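# Structural overview for review
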Amino acid sequence: MKKIAILGGASCSGCDVALFDLPGDELERFFSEVEVVFWSTTMDSRIEDFEAQGKIDLVMFHGGIRTEEHRKLLIQAREKAEILVALGSCASFGGIPGIANLFELDAILKDIYGDEFTKLSGERIPKPEERLKPISSYVEVDYYLPGCPPPVETISEFLDHFILGSLPPRGIFGKESTVCDECDRIKPEDISIEEVKRIGSKDWSEIDPKVCFLAQGVVCLGAVTRGGCKARCINANFPCRGCMGPAPNIRDQGARILSEIASLLMKESEKNLSDEEIYERVQKEIVDPVGLFYRYTLPHYWGGSNEEDD
Amino acid sequence: MKKMIKIDPVTRLEGEAKISIFMDESGKTVEDVLFQVTEFRAFEKFCIGRDVMEMPRITSAICGFCSWAHHLASVKAVDNLLGKNVPEPAEKLRELGYCAHILHSHLAHMYLLALPDFLQLKEKNVFHLMKENPSLVRDILEKRRYSYFIQEMVGGKAIHPVFAIPGGVSKSISEKERVKIEEMSRELVDFSKKSIEVFMEATLKFRENDPYYHETHYMSLVKNGKLNFYSGKIRVVNTEGKKIHEFSPEEYSDYIGEVVKDWSYTKFPYLREMGWKGLTWGKESGIFRVGPLARMNVCERMETEGAQWEYERFIEEMGKPCHNTMAFHWARAIEILYASEKMLELSREEDIVDSKEIFDPDGELRGRGVGALEAPRGTLYHDYEVDEEGRVTFVNLIVPTTENNPSICISVKKGAEELLSNGKRIDRNILNKIEVAFRAYDPCLACSTHNLDQSIRVEIFHGSELVKTL
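Keep in mind that this is a model prediction, so the values were computed, not measured.

## Topic: the overall build of chain A
Along its length, chain A carries 15 helices and eight strands. Radius of gyration (C-alpha) of chain A: 21 Å, near the 19 Å computed for a compact globule of 310 residues. Every one of the 310 residues in chain A was classed for burial, and the buried ones make up 52%. Sequence-distant contacts in chain A: of pairs separated by 6 or more residues, those separated by 24 or more amount to 77%.

## Topic: the overall build of chain B
From N to C terminus, chain B includes 14 helices and 19 strands. Counting only contacts in chain B whose residues sit at least 6 apart along the sequence, the fraction spanning at least 24 positions is 74%.

## Points about helix H12 (residues 400–420) of chain B
Residue pairs three or four apart in sequence face the same way in an α-helix, which turns once every 3.6 residues. All names here are of chain B. With 21 residues, H12 extends 29 Å from end C-alpha to end C-alpha; this agrees with the ideal 30 Å at 1.5 Å per step. Along H12, the sharpest kink reaches roughly 45°, centred on proline 406. Counting buried residues in H12 gives 19 out of 21 residues, a clear majority hidden from the surface.

## Quick look at the pairing of strand S10 (residues 243–247) of chain B
Side chains on a regular strand alternate between the two faces of the sheet. Residues and elements named next belong to chain B. Two strands pair when backbone bridges link them, and strand S9 (residues 233–237) and S10 are joined in this way by four bridges, in the antiparallel orientation. Following the sheet pairing, isoleucine 234 is matched in S10 by phenylalanine 247. Here S9 hands over to S10 after five residues, with glycine 241 in that stretch at a positive phi of 90°.

## Topic: the interface of chain B and chain A
For an interface, size is often stated in terms of accessible area lost upon the parts coming together. Taken together, the contacts link 73 residues of chain B with 68 residues of chain A. Looking at the side of chain B that touches chain A, the elements that each hand over two or more residues are strand S4 (40–41), helix H1 (43–46), helix H2 (55–59), helix H4 (88–118), helix H5 (126–132), helix H6 (134–155) and strand S17 (452–453) of chain B. Per-element accounting of the side of chain B that touches chain A gives the leading share, eight residues, to H6 of chain B. Residue composition of the side of chain B that touches chain A, by class: 34 nonpolar, 19 polar and 20 charged.

## Concerning the sheet that holds strand S15 (residues 378–386) of chain B
Residue and element names in this part refer to chain B. The strand order across the open sheet formed by three strands is S14-S15-S16, and the pairing between neighbours is antiparallel. What marks the edges here is a single partner per strand, and that holds for strand S14 (368–375) and strand S16 (392–398). Direction aside, the axes of adjacent strands within the sheet are offset by 15° on average. Two elements, S15 and S16, share six bridges in a ladder whose sense is antiparallel. What sits directly across from tyrosine 381, in S16, is isoleucine 398. Where helix H3 (residues 67–82) meets the sheet, its contacts fall on S14 and S15, and the angle it forms with S14 comes to roughly 150°. H12 contacts S14, S15 and S16 of the sheet and is inclined by roughly 125° relative to S15.

## Focus: the packing of helix H11 (residues 253–266) of chain A against helix H12 (residues 275–285) of chain A
Residue and element names in this part refer to chain A. Between H11 and H12, the least distance of the axes is 10 Å, while the angle of their chain directions is 95°. Classed by the angle they form, the pair H11 and H12 counts as roughly perpendicular. Contacts between H11 and H12 involve Leu258, Ile261, Ala262, Leu265 and Met266 from the former and Ile278, Arg281, Val282 and Glu285 from the latter. Residues that form the contact of H11 with H12 fall into these classes: seven nonpolar, no polar and two charged.

## Examining the domain arrangement of chain A
Residue and element names in this part refer to chain A. If you check the domain split of chain A, you get domain 1 (2–174) and domain 2 (179–301). A separation of 30 Å is found between the C-alpha centroids of domain 1 and domain 2. With 21 residues of domain 1 at the interface, the matching set in domain 2 holds 15 residues. Among the secondary structure elements, those contributing two or more residues to the side of domain 1 that touches domain 2 are helix H5 (89–93) and strand S6 (128–133). Looking at the side of domain 1 that touches domain 2, its residues break down into nine nonpolar, 10 polar and two charged.

## Quick look at unusual backbone geometry
As a rule of thumb, non-glycine residues mostly have phi less than zero, and peptide bonds are mostly trans rather than cis. Residues and elements named next belong to chain A. Put simply, cysteine 148 and proline 149 share a cis peptide bond, and its omega is -10°. Along the polypeptide, proline 149 turns up in the loop between strand S7 (143–145) and helix H8 (152–164). Residue asparagine 249 is not a glycine yet carries a positive backbone phi of 70°. Topologically, asparagine 249 is positioned in the loop between helix H10 (232–235) and H11.

## As for helix H11 (residues 327–347) of chain B
Look at H11 of chain B: 30 Å from first C-alpha to last across 21 residues, which is about the 30 Å you get at 1.5 Å a residue. Counting buried positions along H11 of chain B gives 20 out of 21 residues, so the element sits mostly inside the fold.

## Points about the environment of phenylalanine 127 of chain B
As for its position among the elements, phenylalanine 127 of chain B is in helix H5. For phenylalanine 127 of chain B, a count of 20 C-beta atoms within 10 Å corresponds to the buried category. Residues phenylalanine 127 of chain B and serine 340 of chain B, 213 residues apart in the sequence, show an inter-C-alpha distance of 27 Å. Leave out the neighbours within four places in its chain, and phenylalanine 127 of chain B touches Phe31, Val36 and Met43 of chain A.

## Quick notes on the sheet that holds strand S2 (residues 34–38) of chain A
Residue and element names in this part refer to chain A. Strand order in the open sheet formed by six strands is S2-S1-S3-S5-S7-S8, and the pairing between neighbours is parallel. Each edge of the sheet is formed by a strand with only one pairing partner; in this case those strands are S2 and strand S8 (171–172). As judged from the four bridges shared by strand S1 (residues 2–8) and S2, these two strands associate in the parallel manner. When the bridges of S2 are listed, alanine 5 appears paired with phenylalanine 38.

## Comments concerning the confidence of the model for chain A
Detail in the predicted coordinates should be disregarded across regions flagged by low pLDDT. Looking at chain A, the pLDDT average stands at 89 and 91% of residues meet or exceed 70. Ignoring residues within four places in sequence, the model shows residues 304–310 of chain A, a span with pLDDT below 50, making seven contacts including any to other chains.

## What about the nonpolar core?
Counting residues in hydrophobic clusters, the biggest one holds 237 residues, and the most contacted among them are Ala5, Val59, Phe61 and Val85 of chain A together with Ile334, Leu373 and Val412 of chain B. No other element matches H4 of chain B, which puts 16 residues into this core. Setting aside its immediate chain neighbours within four residues, valine 412 of chain B contacts Ile19, Val33, Phe35, Ile434, Ala437 and Phe438 of chain B.

## A look at the environment of proline 248 of chain A
With respect to the element layout, proline 248 of chain A can be found in the loop between H10 and H11. Note: C-alpha distance between proline 248 of chain A and valine 218 of chain A (30 residues apart in sequence) is 23 Å.

Conventions and cut-offs
- Residues numbered from 1 in each chain as written.
- Chains lettered and ligands numbered in written order.
- Predicted model: local features only at pLDDT ≥ 70, side-chain atom pairs only at ≥ 80, totals over all residues.
- Helix = DSSP H or I, 4+ residues; strand = E, 2+ residues; numbered from the N terminus.
- Rg over C-alpha atoms; globule rule 2.2 N^0.38 Å.
- Buried ≥ 20, exposed ≤ 12 C-beta atoms within 10 Å, placed from the backbone.
- Contact = placed C-beta atoms within 7 Å.
- Expected span 1.5 Å × (residues − 1).
- Bend = angle between axes of the 7 residues up to and from the residue.
- Pairing = 2+ DSSP bridges.
- Nonpolar A, V, L, I, M, F, W, Y, C, P; charged D, E, K, R; others polar.
- Axes fitted to C-alpha atoms, helices over the stretch in contact; angles between N-to-C directions.
- Parallel < 35°, antiparallel > 145°, perpendicular 65-115°, else oblique.
- Domains from an automatic or database assignment.
- pLDDT = per-residue confidence, 0-100.
- Core = buried A, V, L, I, M, F, W, Y, C linked by C-beta atoms within 7 Å.

Written out as structure tokens, the structure reads:
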């Protein structure tokens, strides 16, 4: 029987919960063919049980690395795993908690708990790392299942392939397309925008749910984000925030959408603007560019690599 | 030489934590027990600088078990901050989706995490149960999946929904979806009724001898005295069941204080009127509890018929207020019936289908906004302040597991004292019984450690020497 383990770092456990959103018969079939050797959310497995394990066929790790303990657990997981999976966007790119990398650790601890705590932390509770990092910063990852959480269909497809021994070559397990490709809103040929509209603002009531968000001046990351989610958010009339990570062939998801929006804003402008002027214009239109363009991926691009720190 | 026993991590709950039990030098008496939340993510810090309009979409990631609670508490805070008047159909859609979420969260806890404790199983987990009783587990998973579908239809995504926007919702539902929701709700009402029997029985076994019994005050939202998950006023009743406070969400900080301990990433809230008196309980203590049991103790009645009948039966058997910690399980089961019945009722509303009245475009930034609701695990507060452009400058979150944290520590300590006294042999079975203490609360550490990122474990210390990790 194949052995599997599910563990996590700085996680909301949404990826854990998503596993139970699979159809009941599929879950029953899957769990009748594998032995779960560690999954503290659902069973009484202790760290020592995990340490006692030899090789484990599949280890799924959710959450980024925020504390020393997460790091140690991950390294053990890599040693034991035949196949190591980054489950969800936090493990893959750092995820939303990765926005904390905008702040120094000392400032975080001091602001939330006060001076006294900062001195003592790390003695009786796990020591936080300076920055949150995706798991690939520390170990080699075999498969990435991005998404916040990964779409149920993707998880289901992955587990099927695992059982059948028919997994594709290592890398991102997902679609080689963008969210835009999966979105069926009308996309005008020629787009230019005068101003950026915020969610829930006065202008929001003018939004046509049949037309491309970007064309209407609403920031949407669909064009730079990997597909596979069936454009669920957009279909709920909410723009894409990029949780599936960068689309194939896009190196920097945030930078790409930033330059895209800048150029759409500049289209009407007659003169050639300098980079600085463009940046100023974007700053004026967008209250929080980092939190919007790098919401799920900040540690992936910034402060996420060990080499840069060393 | 003192001795320490460690349970690491504590299991079948949401997030990471450990329990450290300190024994005296003889190794026979429990000196202290720490329920330590060891997770750390710092939401309160990194939300500073974000666009307040995006907060509902950012803060849902505090917790994957109760993402809807954070999504909606957050949007309510922003509605409040902007002075938006959310149209009626939008309020109905939010509440409808939220009832589905109560089911999604409660059913996961009841059946996937807690139920194995009440059954004679060789291994206490759902996978073992799947082998012993596959049709039961299949039925549970199928019914729980209804709540997944309803959440997705209403909220866009089942986990980390997107539809609630400041001023309303981004979409309504179609007639086809409404019919599906109505059908599923009807089945969920029946399923909930069956579930109550299971968890009532489990609770009654502990009625005369609940090792985790302790008297506290209780807090919950009520709407005209009735249980409501989505809106209302906050009411506090004392250990005797007497109403001592009733206030609006914005006033929470006048009533609740918080202290920090250097051994946990979770804070310790208390009622200001009594003050913080350490991990003590009773009428003079400031410790209060939230969640299903608190809601039974605070509210006067249930809005829906079936739930009202069950509520009366609960009070008849358990009294009011009920201080038996194990009764959390029964109370939680009654709540899934209420949520199903309320969902059925809302699914018959005409104005939620293809509605145009789902968004209020007006509103001005007003500096501060507070939103509160009943999360599956208790009263949840989101409190934001912004600058003139709507950039967040201050965030305070009070989450249910944090509110219950002092009581969880007490329950675990009481359980440990009872189970480990007189030099009883310490084994996994005993430690599992200690864990039963916190499982009643359905603690969610991902939530409580919105500040830092916590994990749970149990450690048993003999003085400063670690003797056992479990």
